[in-house]
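# Chains, contacts and geometry: an overview
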Amino acid sequence: MPDSDLIAAVRAKRPLVHCISNIVTANDCANILYAAGASPMMAEAREEMAEISALADAADLNLGTPSREKYAAARICLEESNRLGKPVVLDPVGVGASSWRLENAARLLSAGKPGILRVNLAEAEALLGLRRAEQGVDSPGEDSALRRRARAAGGLAGRFGCAVLLTGETDIISDGRRAAAVRGGSAFAPLVTGSGCMLSALCGAFAAVTDDMFAAALAASRYWKLCGALAERLCSARGPGAFRAALMDAAWSLKDSSRLEEVRAERLEA
Amino acid sequence: MPDSDLIAAVRAKRPLVHCISNIVTANDCANILYAAGASPMMAEAREEMAEISALADAADLNLGTPSREKYAAARICLEESNRLGKPVVLDPVGVGASSWRLENAARLLSAGKPGILRVNLAEAEALLGLRRAEQGVDSPGEDSALRRRARAAGGLAGRFGCAVLLTGETDIISDGRRAAAVRGGSAFAPLVTGSGCMLSALCGAFAAVTDDMFAAALAASRYWKLCGALAERLCSARGPGAFRAALMDAAWSLKDSSRLEEVRAERLEA
Amino acid sequence: MPDSDLIAAVRAKRPLVHCISNIVTANDCANILYAAGASPMMAEAREEMAEISALADAADLNLGTPSREKYAAARICLEESNRLGKPVVLDPVGVGASSWRLENAARLLSAGKPGILRVNLAEAEALLGLRRAEQGVDSPGEDSALRRRARAAGGLAGRFGCAVLLTGETDIISDGRRAAAVRGGSAFAPLVTGSGCMLSALCGAFAAVTDDMFAAALAASRYWKLCGALAERLCSARGPGAFRAALMDAAWSLKDSSRLEEVRAERLEA
């Protein structure tokens, strides 16, 4: 596990994270970036994509509630960020829900390279061509074997040459060479829309403070699992509405990595 | 009143509810569906509408913050859902606010048939051609006589051949043959944007677990009134911000219909 | 400082405030308007802009997450509101983030005249041509000298012939003839996305109940600073998630201007 304190590094650098977001979770993504000490910048028009990509320290391309415009903007951002050596997180929300989403995600992934690909198992398998239809975008209650999940993460990492963060009850992080599993969090997390989107935004913040995308994805996963566990306690498990607000409070309360050991992370065979 | 436990049925089936949403309340609609045990899927691009309509168990067409694109997508979804026999909820938000909204809602209603039409009194009267201008989209403080409201609901049900849920301090449910009134809820509800939108999304969840659209609308109304009453207690009436989060917690806490009797529902002459 | 009770006047008139909003903060803007006793109406399609502008008591043009469509709609709304003598608030979110934003804001400001321009220092200086790039849209931690901020506010007021509300740790209000500074609020405010957007929406509500745009901007600033201070106490400073919900509760709890004196406001040399 990496030793550098990326949580403190985000607060020290205050990176500008540009998000192409969606109408469902844009607010949560901006707020979680503030809570973690980063600075959000939300934009989606192609006319300003190159300029804003150059301004930002990292980009998070969230493909939920897609449109032609958004795909065009995401492509410009990905190409420009690649050209400038700035990290990009790709979150292909519900990519298996339509052939149009799948084609556009594939086109995007052939136009450039994300540093981190953040997916759930259904999205991973859709991208790998293993299945298409899915139950919603978050697939809660997923209890597929760790092996299946690790294989999917490793397969994506190999195919797209990036770090992969495959989330679920257990998160898998892989970059093809290294792999890890992170457990913990809260059972409320899959009951809050955007818990995956927020994690992707956080990946952007962490990717802005290290060159190691595996380390960034791993730190984001552990931080977010810890936020979930703390939020559940903060809100006394009152329900998903209270939990959602408490996620922001938990993220804000963590100023460095000193409590990350509360989240179990273990190396896997890559 | 129907006896089957639709609240438990939603949790058992976990229906995929596809929402064409709006930029104001998309997040709340997704979260309330999760809280009720359903699975939200938010999409609005015409390119994927037919495919996603086929994937979903029910659709909720919310016409707030409208655009040409959204109207085109809503039409495809309505036609495809009708063709496949899948239930559609139509929520013509603020339809009286412009002639453009009114024309597009009328065009949509002539292209296909919703299972449930969810409106407030101003929207109902706009659709019936009784008046156009309105005070905002939620018309809080509405104290029109029950008779006027029941007439509007029955008129819409007759004209469009669907169940109507006309909301306000007292909700009216009508399908032309049957009618009911549901009282209760919280005085905070009209102070929270999206309380109507969330109810429409819930109608989609209930419509996915019964063939009786009147029963689905009635169950959604009673469930939502009970959520309001519980949320007000949960948040100690602290204010609309606390109430909004508590709505999610209340919805999540109700696992079956055992407490629905706390909400007064009575048959009306149809 | 003006004596009339604009907080009570908003609750008495319940003005319809039309907002061209953005996907990040539309929900918060609608909810804060309800909490303050106003009635929100969110729309952004050019097809209905003239009609809705005529229906509304005031408009709030928020240029965050911009698109060509939104700029076109904002222009129609500004021109029509000017023609009808209805007040307009302009909030050029992150205007310094791209040359495209800057050009479109300039074009809008040459097509019509807002009553109130609500900006932070970075946005003010971008509009004045003093600098372009910026750190995000909210510039928290801004501790520029009062003098620099007052000069920027006065400069904008002079150039665009409107009242200016330049927000930060200390808010500056100026209309070229008069100037004031408002202190207070909460350190959590810059950690919540949309705290500026919500204030702009509130400016719309206050502008609907007085002809004096300086007075409206000043009242909105003082009200919002007081809401921030109260919200911090209400949520026991638990974090930005709890603070955000408490902002709504605080705004709702203030029924008149009797507690405004808790916020320090002082006249400045104009």
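Presented here is an overview of the structure given in this document. (Residues numbered from 1 in each chain as written. Chains lettered and ligands numbered in written order. Predicted model: local features only at pLDDT ≥ 70, side-chain atom pairs only at ≥ 80, totals over all residues. Heavy atoms only, no water.)

Between chain C and chain A, the contact holds 32 residues from the first and 29 residues from the second. Between chain C and chain A, the buried area comes to about 2600 Å², and carbon and sulfur atoms account for 54% of it. Counting across the chain C and chain A interface gives 3 salt bridges. In this structure, Glu 48 of chain A and Arg 101 of chain C form a salt bridge, with 2.7 Å as the shortest nitrogen-oxygen distance. Where chain C packs against chain A, one counts 12 residue pairs in polar contact (both at pLDDT 80 or more). Breaking the side of chain C that touches chain A down by element, the ones donating at least two residues are α5 (99-111) and α10 (240-253) of chain C. Among the elements that take part in the side of chain C that touches chain A, α10 of chain C stands out by supplying 4 residues, more than any other. Per-class residue counts for the side of chain C that touches chain A are 15 nonpolar, 9 polar and 8 charged. (Contact = heavy atoms within 4.5 Å. Buried area = accessible area lost by both parts, 1.4 Å probe. Salt bridge = Lys/Arg side-chain N within 4 Å of Asp/Glu carboxyl O. Polar contact = N/O pair within 3.5 Å; in protein donor to acceptor, adjacent residues only side chain to side chain. Helix = DSSP H or I, 4+ residues; strand = E, 2+ residues; numbered from the N terminus. Nonpolar A, V, L, I, M, F, W, Y, C, P; charged D, E, K, R; others polar.)

Counting 181 residues, the largest nonpolar core has Phe 206 of chain A, Phe 206 of chain B together with Phe 206 of chain C as the members making the most contacts within it. If we skip the residues at most four places from it in the chain, Phe 206 of chain A touches Leu 6, Ile 7, Val 10, Ala 216, Ala 219, Ala 220 and Tyr 223 of chain A. Grouped together as the second largest cluster of nonpolar side chains are 41 residues, Ala 97 of chain B together with Ile 20, Val 119 and Leu 128 of chain C included. (Core = buried A, V, L, I, M, F, W, Y, C linked by side-chain atoms within 4.5 Å. Buried < 20%, exposed > 50% of the residue type's maximum accessible area, 1.4 Å probe, protein only.)

Taken residue by residue, the interface counts 32 residues in chain A and 29 residues in chain B. Note on chain A versus chain B: buried area summed over both sides is about 2600 Å², and carbon and sulfur give 54% of it. A salt bridge links Glu 47 of chain B to Arg 68 of chain A; its shortest N-O distance comes to 2.2 Å. For the side of chain A that touches chain B, the secondary-structure elements that each account for two or more residues are α5 (99-111) and α10 (240-253) of chain A. Take the side of chain A that touches chain B: its biggest share by element is 4 residues, from α10 of chain A. Among the residues forming the side of chain A that touches chain B, the class breakdown is 15 nonpolar, 9 polar and 8 charged.

Backbone hydrogen bonds are what pair the strands of a sheet, in a parallel or an antiparallel way. Residues and elements named next belong to chain B. What the 9 strands build is an open sheet, ordered β2-β1-β3-β4-β5-β6-β7-β8-β9; its pairing is mixed. Both outer strands of the open sheet, β2 (39-42) and β9 (265-268), are each paired with one neighbouring strand and no more. In this sheet, neighbouring strand axes are inclined to one another by 20° on average, regardless of whether the strands run parallel or antiparallel. By the bridge criterion, 4 bridges tie strand β7 (residues 171-174) to strand β8 (residues 179-182) in an arrangement that is antiparallel. Across the sheet, residue Asp 171 finds its bridge partner in β8, namely Val 182. Packed onto the sheet, helix α3 (residues 46-55) meets β1 (16-20) and β2 and runs at close to 150° relative to β1. (Pairing = 2+ DSSP bridges. Axes fitted to C-alpha atoms, helices over the stretch in contact; angles between N-to-C directions.)

Bringing the relation of the copies chain A and chain B into the picture now. By a simple turn and slide, chain A fits onto chain B: the slide is 0.0 Å along the axis, the RMSD is 0.0 Å, and the turn is 120°. Taken together, the rotation angle and the small translation identify this as a three-fold axis. The rotation axis passes nearest to the C-alpha of Ile 23 of chain A in chain A, at a distance of 3.1 Å. With a heterologous cut-off of 20% or less, the 6% of interface residues of chain A that recur at the interface of chain B puts this contact in the heterologous class. (Least-squares fit on C-alpha atoms with pLDDT ≥ 70 in both.)

This next bit is on helix α2 (residues 26-35) of chain B. Residue and element names in this part refer to chain B. In terms of burial, α2 is largely enclosed, as 10 of its 10 residues are buried. Along α2, the residues that are buried comprise Ala 26, Asn 27, Asp 28, Cys 29, Ala 30, Asn 31, Ile 32, Leu 33, Tyr 34 and Ala 35. Residue Gly 37 follows α2 closely and has a positive phi angle near 95°.

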